[in-house]
Amino acid sequence: MNHHQWAETPPMGWNSWDCYGAAVREEEIRGNAEYMAKHLHRFGWEYVVVDIQWSEPGAVSSQYRPFVPLEMDEYSRLIPAANRFPSSAGGKGFRPLSDYVHSLGLKFGIHIMRGIPRQAVHAGTPIKGTNATARDIAHTNSICPWNTDMYGVDPRKEGAQAYYDSLFELYAEWGVDFVKVDDIAASRLYGIHAEEIQMIRRAIDKCGREMVLSLSPGPAPLEYAELLRDNANMWRMTDDFWDIWRLLYEMFERAEKWAPHVGLGSWPDCDMLPLGHLGIRSVDGGGADRWTRFTKDEQVTMMTLWSIFRSPLMFGGELRDNDDWTLSLLTNEDVLRAHKEGRSPRMVYRQEDRTVWSSEDSNGQVYVALFNLREEETEVAVSLDQLGLTGKYAVRDLWKQRDRDSVSDQIAVSLPPHASAFFALTKA
């Protein structure tokens, strides 16, 4: 089966980074999974993802402790730190936690760094399925500039593919459904790591389990769009995204460039949704323990752009602390239908920071998003002609979940600063 069929619609889930950094613990994973199963699963949310450094026993925040020992098995593969993930003790790995997430009807994901642990390389430890050692396959000049855990893997060395094969064999044994690989789609030092991406693709295809492949960080180079599509299900088109208006403003230009590459099973990724309660143990993004700094209008604008563009939706806050407003952003069936069923998203126009986007589902229903990116209230309008439509159309306001008057000429709304509106148009 082609890997694109494993993510026929953009993945939706929760990731631990925005609230817990590198220091999430098992009880927090279980608690957020329980919330998702109870409140979100019926709306399409399904992935529960443990982010970076789950093998680091002493992790306390989003600030990495350099060159500290990580928990590792006899084949140079990182395993969960048992003090943070008690169910992994005795060599069980993530299987017990994965089984629990699956018991709730959800899917389980993990974050990894590309490459092989530095401590394995320095110790020359074995690799399963080959006589080569960790030292033999390491590319010691290929390092991550912001994390000291790993060396890159040299694809020209005998045993390199065997190492990645052994990794994903282990993850299949654990019941992993989603793998986010970091320091690979883009690097401040080296750019994209194309050969390691291809090795990972081969390893997943060989492991016998369907796993969605997500690549980070961004911005992924646009000129590698075909390679990314051929090997991954989603890839970051941005550096880390946080609850800062400037970053949301800049996302519109990124989305415009990547829109032609949105398609079945291959999703350019706007990054996590920094909503709700953030920064509990994560100090990344310029803020500590807080609720999102986005205004309500900005939160709706972010959700509208992610939905019309069809980015994966990965919630970043502590789900159990959600208020009614935050939950309402994640459970609007009209908006989520546009996210799931829209096709061929495109920017219709952008003029003086008024911008309009559209997409269309397989039944001919047209989704239209109007955005005011300006610093003052302004009218944003789009004609049916600009949308390539003629005749009369029924209009439904997706966020308000109510019908408006039909139109035969244009849609126009007055929007506050940084606000948006989202409509579905159906031929009357």
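Residues numbered from 1 in each chain as written. Predicted model: local features only at pLDDT ≥ 70, side-chain atom pairs only at ≥ 80, totals over all residues. Heavy atoms only, no water.

## Things to note about the environment of Ala 33
- Along the polypeptide, Ala 33 turns up in helix α2 (residues 26-40).
- Residue Ala 33 is classed as buried on the basis of its relative accessible area, which comes to 0%.
- Linking Ala 33 and Trp 14, residues 19 residues apart in sequence, is a C-alpha distance of 8.4 Å.
- Leave out the neighbours within four places in its chain, and Ala 33 touches Val 48, Val 101, Leu 104 and Leu 106. (Helix = DSSP H or I, 4+ residues; strand = E, 2+ residues; numbered from the N terminus. Buried < 20%, exposed > 50% of the residue type's maximum accessible area, 1.4 Å probe, protein only. Contact = heavy atoms within 4.5 Å.)

## Notes on the pairing of strand β18 (residues 393-397)
- Here β18 shows one buried face, formed by Tyr 393, Val 395 and Asp 397, and one open face, formed by Ala 394 and Arg 396.
- In sequence, β18 turns back onto strand β19 (residues 402-407) through a hairpin of four residues, with Gln 401 there showing a positive phi of about 55°. (Pairing = 2+ DSSP bridges.)

## Description of the domain arrangement of the chain
- The domain architecture assigned to the chain consists of domain 1 (3-331) and domain 2 (346-427).
- Centre-to-centre separation of domain 1 and domain 2, based on C-alpha positions: 34 Å.
- Across the contact, 18 residues belong to domain 1 and 20 residues belong to domain 2.
- When the two sides are added together, the surface that domain 1 and domain 2 hide from each other amounts to roughly 1600 Å², 70% of it contributed by carbon and sulfur.
- Its largest share of buried area at the contact with domain 2, domain 1 owes to Phe 252, Thr 304 and Ile 308, together 37% of the area lost on that side.
- Viewed at the interface, domain 2 and domain 1 are joined by zero salt bridges.
- In this structure, the connection of domain 1 to domain 2 is made through seven residue pairs in polar contact (both at pLDDT 80 or more).
- Elements represented by at least two residues in the side of domain 1 that touches domain 2 include exactly α9 (245-258) and α10 (296-309).
- No other element matches the 10 residues that α10 contributes to the side of domain 1 that touches domain 2.
- Among the residues forming the side of domain 1 that touches domain 2, the class breakdown is 11 nonpolar, three polar and four charged. (Domains from an automatic or database assignment. Buried area = accessible area lost by both parts, 1.4 Å probe. Salt bridge = Lys/Arg side-chain N within 4 Å of Asp/Glu carboxyl O. Polar contact = N/O pair within 3.5 Å; in protein donor to acceptor, adjacent residues only side chain to side chain. Nonpolar A, V, L, I, M, F, W, Y, C, P; charged D, E, K, R; others polar.)

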